[in-house]
Amino acid sequence: MSDQEIMTDVNHVQHMFLHVETSDAVCILNVAGHPFRLRELIYMMINNGCRVAQTSADKYNTFPYDQETVEVHDYMTSIIKAKFI
């Protein structure tokens, strides 16, 4: 499937891990959603002063976190898990 076909398919779901840093928190997000919605989410985080980088499942699984996870779902994006330091 080409990139153009993926972007126009409203049912396509992309999955990624994001390392996010703010002035008062560090977390790794396990997110899934349509590529346009994920781009919008990343843009909003950067626009609000977050540092965002794509990471891997290995980094997610070895991330030192406080045992508290969050599940957030909206119309087009699912934040499956958020691990916070």
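This one's a predicted model, so the numbers in the text were calculated from it and none came from an experiment. (Residues numbered from 1 in each chain as written. Predicted model: local features only at pLDDT ≥ 70, side-chain atom pairs only at ≥ 80, totals over all residues. Heavy atoms only, no water.)

J.: Got a minute to help me understand the confidence of the model for the protein chain in this structure?
T.: Any segment with low pLDDT has predicted coordinates that should not be analysed in fine detail. The share of residues in the protein chain with pLDDT of 70 or more is 79%, and the mean pLDDT across the chain is 82. Per-residue pLDDT, averaged within each element of the protein chain, yields its smallest value for strand 4 (residues 72-73) (63) and its largest for strand 3 (residues 51-55) (96). (pLDDT = per-residue confidence, 0-100. Helix = DSSP H or I, 4+ residues; strand = E, 2+ residues; numbered from the N terminus.)

J.: What is the right way to look at helix 2 (residues 35-47) in this model?
T.: Under the 1.5 Å per step criterion, the end-to-end length of helix 2 is 18 Å for 13 residues, consistent within 8% with the ideal 18 Å. Of the positions making up helix 2, those classed as buried are P35, R37, L38, L41 and M45. On an axial view of helix 2, the arc spanned by its buried residues comes to 165°, and they lie on one face. Residues of helix 2 that are exposed and point more than 90 degrees away from the buried face comprise R39, Y43 and N47. Phi turns positive, to about 95°, at G49, one or two residues after helix 2. (Expected span 1.5 Å × (residues − 1). Buried < 20%, exposed > 50% of the residue type's maximum accessible area, 1.4 Å probe, protein only. Arc of directions from axis to C-beta.)

J.: Can you walk me through the packing of aromatic side chains in this structure?
T.: How two aromatic rings sit relative to each other is set out by the distance from centre to centre and by the angle between their planes. Taken as a whole, this structure holds one aromatic pair when the rule is applied. Each ring, one from F17 and one from Y60, has its centre 5.1 Å from the other, and the planes form 40°; the classification is tilted. Taken as a pair, F17 in strand 1 (residues 14-21) and Y60 in helix 3 (residues 57-61) lie far apart in primary sequence, 43 residues in all. (Phe/Tyr/Trp six-rings, centres within 6.5 Å; stacked < 30°, edge-to-face > 60°.)

J.: I tried to follow the pattern of salt bridges on my own but got confused; where do I start?
T.: Between side chains of opposite charge, a pair can form when the charged atoms approach closely. Scanning the model with the defined rule gives one salt bridge in all. The residue E40 makes a salt bridge to R37 at a minimum N-O spacing of 3.3 Å. Residue E40 and its partner R37 are located together in helix 2, separated by three residues, close to a single helical turn. Here E40 falls in the partly exposed class, since its relative accessible area comes to 41%. (Salt bridge = Lys/Arg side-chain N within 4 Å of Asp/Glu carboxyl O.)

J.: Would you mind showing me how to read the pairing of strand 1 here?
T.: Regular strands place their side chains on alternate faces of the sheet. With eight bridges joining them, strand 1 and strand 2 (residues 26-33) adopt antiparallel strand pairing. From the neighbouring strand, E21 faces strand 2, where its bridge partner is V26. Between strand 1 and strand 2, which pair antiparallel and follow one another directly, the connecting turn spans four residues. Two elements, strand 1 and strand 3, share five bridges in a ladder whose sense is antiparallel. Within the sheet, the bridge partner assigned to E21 lies in strand 3 and is R51. (Pairing = 2+ DSSP bridges.)

J.: Is there a simple way to think about the nonpolar core in this case?
T.: The nonpolar side chains of soluble globular proteins are, as a tendency, buried together. M16, L18, V20, C27, L29, V31, L38, L41, M45, C50, I79 and A82 form the largest nonpolar core, which has 12 residues in total. Contributing elements (two or more residues each) for this core: strand 1, strand 2, helix 2 and strand 5 (77-84). The residues contacting L18, other than those within four sequence positions of it, are C27, I28, L29, V31, I42, M45, V52, A53, Q54 and T55. (Core = buried A, V, L, I, M, F, W, Y, C linked by side-chain atoms within 4.5 Å. Contact = heavy atoms within 4.5 Å.)

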